[in-house]
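Residue-level listing of the chains:
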Amino acid sequence: MAKFHVIIPAAGSGSRMASVLPKQYLPLLGRPIISWTLDTFLLCERIAKVHLVLSAEDADWQAQNIQHPKLSILNCGGETRAATVLNALNILNVDVEDWVLVHDAARPGLTHALLDFLLDEIQDDQVGGLLAIPVADTLKRANNEQRVACTEPREGLWQAQTPQMFRYGILKEALTKSGGAPTDEAQAIEALGLRPKLVTGQLRNLKITFPQDLALAEAILAVDQQGVRK
Ligand code: C5P
């Protein structure tokens, strides 16, 4: 039976966080963001292995003191997110039919229930897919002066999240062929002419990008801590 592997690219600089420490190491309720993110996968019995991909220059991981039998650390980050994921795929020793889930290091709000939902929805799919949420707000296109140039129709638009889940063979082929550094895995798969499935995610699976996102993520995780995280 096909196994589920996870790749967490964590070799970015997180420049929009305006922090010297890479964003995945910033504290969230007293623990680094990355430890929240890792826990969801490490504690899921359906996941075979979790590969955390760091930049070769990463100087902060050792101090986190995080170990787990299912966790492997790869120091092969690339220039772009796509390059980081491809570098990892090139050294993984897995079956072409195995599933690979790629998840952002700074998305600590993924729940066990949402992960299970994604695995259930995609595991029998021919192409693979991703968590995403239908766009709820009205969309404005800006001009060069940050004024509204026009209103864009939002019908049929979804905001991509992660995990993004594809079979190892297809994902490696897609990223190898993708010249222009796609910003997510699905974009590379689309370029092969395939149509990834959109699986409805949740807002709580936000990517911490700007400093103010930390307080929002803390509020979400604090509510979880009052009950059992599902
Ligand atoms: O910058 P952004 O938040 O879009 O990055 C998404 C994910 O990709 C992050 O987990 C980041 O660390 C990772 N990344 C990477 N290698 C890069 C750039 C981004 O692993 N060169």
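Computed from a predicted model, the values in this text were never measured in an experiment. (Residues numbered from 1 in each chain as written. Predicted model: local features only at pLDDT ≥ 70, side-chain atom pairs only at ≥ 80, totals over all residues. Heavy atoms only, no water.)

### Overview of the sheet that holds strand S4 (residues 47-54)
- With respect to topology, 7 strands assemble into an open sheet ordered S5-S4-S1-S6-S10-S7-S11, the strand pairing being mixed. Looking at which strands have only one partner, the edges of the open sheet turn out to be strand S5 (71-74) and strand S11 (197-200). Direction aside, the axes of adjacent strands within the sheet are offset by 30° on average.
- Two elements, strand S7 (residues 129-134) and strand S10 (residues 158-167), share 5 bridges in a ladder whose sense is antiparallel. Looking across to S10, one finds that Ala132 is bridged to Ala160.
- Of the strands in this sheet, strand S1 (4-10), S4, S5, strand S6 (99-102) and S10 are in contact with helix H2 (residues 81-91), which crosses S1 at around 140°.
- Packing against the sheet, helix H3 (residues 112-122) makes contact with S1, S4, S6, S7, S10 and S11, and its axis sits at approximately 150° to S11. (Pairing = 2+ DSSP bridges. Helix = DSSP H or I, 4+ residues; strand = E, 2+ residues; numbered from the N terminus. Axes fitted to C-alpha atoms, helices over the stretch in contact; angles between N-to-C directions. Contact = heavy atoms within 4.5 Å.)

### Description of the pairing of S6
- Every second residue of S6 is oriented toward a common face, with Trp99 and Leu101 on one face and Val100 and Val102 on the other, all of them buried.
- In this sheet, S6 lies alongside S1 in parallel orientation, the contact comprising 4 bridges. The residue of S6 that forms the bridge with Phe4 is Trp99.
- Bridge count for S6 against S10 is 4 bridges, and the pairing is antiparallel. Along S10, the bridge assignment pairs Val102 with Gln164. (Buried < 20%, exposed > 50% of the residue type's maximum accessible area, 1.4 Å probe, protein only.)

### Some words on the site of the ligand
- What surrounds the ligand is a group of 14 residues, the closest being Pro9, Ala11, Gly78, Thr84 and Lys207.
- At 2.8 Å, a side-chain N or O of Thr84 approaches a nitrogen atom of the ligand.
- Ala105 is positioned with one of its backbone polar atoms (N or O) 3.1 Å from an oxygen atom of the ligand.
- Considered class by class, the residues forming the shell around the ligand number 4 nonpolar, 4 polar and 6 charged. (Near = heavy atom within 4 Å. Polar contact = N/O pair within 3.5 Å; in protein donor to acceptor, adjacent residues only side chain to side chain. Nonpolar A, V, L, I, M, F, W, Y, C, P; charged D, E, K, R; others polar.)

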